[in-house]
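# Working through the structure, step by step
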Amino acid sequence: MMSSSAKDARALLKKHALSVTEGRLRILELFLRAGGALSHADVEKADTTFDRVTVYRTLQSFVEKGLLHTIPTSENNVRYALCNDACTTHRHQDDHVHFVCDVCRKTVCLDHVAVPALLLPAGFVSEQVQVVVHGVCDLCARPR
Ligand SMILES: [Zn+2]
Ligand SMILES: [Zn+2]
Ligand SMILES: [Zn+2]
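Read on for a plain summary of the structure. Model, not experiment: these values are computed from the prediction.

All right, on to the pairing of strand E3 (residues 79–82) then. With two bridges joining them, strand E1 (residues 38–39) and E3 adopt antiparallel strand pairing. Directly across from Leu38, in E3, lies its bridge partner Tyr80. As judged from the four bridges shared by strand E2 (residues 68–71) and E3, these two strands associate in the antiparallel manner. Across the sheet, residue Thr70 finds its bridge partner in E3, namely Tyr80.

Looking now at a nonpolar patch on the surface. Taken together, Leu118, Leu120 and Phe124 make up a surface patch of nonpolar side chains, about 330 Å² in accessible area. Here Leu118 shows up in the loop between strand E5 (107–114) and strand E6 (132–135).

What follows covers the coordination of the zinc ion (ligand 1). Looking at the zinc ion (ligand 1), one finds its protein donor set to be Cys83 (SG), Cys87 (SG), His92 (ND1) and Asp94 (OD), positioned 2.0 to 2.3 Å from the metal centre. Every donor counted, the four donor atoms about the zinc ion (ligand 1) form angles of 99 to 118° at the centre, which fits tetrahedral coordination. For the zinc ion (ligand 1), the donor residues sit on a single chain with the sequence spacing C-x3-C-x4-H-x1-D.

With that settled, consider the coordination of the zinc ion (ligand 2). Protein ligation of the zinc ion (ligand 2) involves Cys101 (SG), Cys104 (SG), Cys137 (SG) and Cys140 (SG), the donor distances falling in the range 2.3 Å. Considered as a linear motif, the donors of the zinc ion (ligand 2) on their single chain read C-x2-C-x32-C-x2-C.

Calculation rules
- Residues numbered from 1 in each chain as written.
- Chains lettered and ligands numbered in written order.
- Predicted model: local features only at pLDDT ≥ 70, side-chain atom pairs only at ≥ 80, totals over all residues.
- Heavy atoms only, no water.
- Pairing = 2+ DSSP bridges.
- Helix = DSSP H or I, 4+ residues; strand = E, 2+ residues; numbered from the N terminus.
- Patch = residues over 30% accessible without salt bridge, like charges linked within 9 Å, V, L, I, M, F, W, Y side chains within 5 Å.
- Areas by Shrake-Rupley, 256 points an atom, 1.4 Å probe, with all protein chains shown as cover.
- Salt bridge = Lys/Arg side-chain N within 4 Å of Asp/Glu carboxyl O.
- Donors = N, O, S within 2.8 Å, 3.2 Å for Na, K, Ca; no water.
- Tetrahedral: all angles 85-135°; square planar, octahedral: opposite > 155°, others 65-115°.

What follows is the structure in structure tokens.
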């Protein structure tokens, strides 16, 4: 049996019905290594062999196929983070809180912190709730 904990870029692409290309593999591996969210610019900087359009298209297809979800940020600079296993094509289930560290600028998924239920006025139907918490992360909060 294959280990389910070993997240393999190739297997992830197949699972989400994406053909395996060199570019997709490399971009996905960046996310697997990052341990946090990356912006378009982060991806471009990390691998300068990609042009802007390739990065843009690859990120879009990952979002469409349930591989990455987007996180809105105050600087109008959307970040992308890996989804959990529950997400599929056009059906995301990323109802967790995101944390932005104002010191190191890192954005992380708090997978185990659920978005609080909101009591909306009658007639309002919620489709998606995004909670972004700003503050100081565990690493930056440590006294030096
Ligand atoms: Zn998702
Ligand atoms: Zn930090
Ligand atoms: Zn997330």
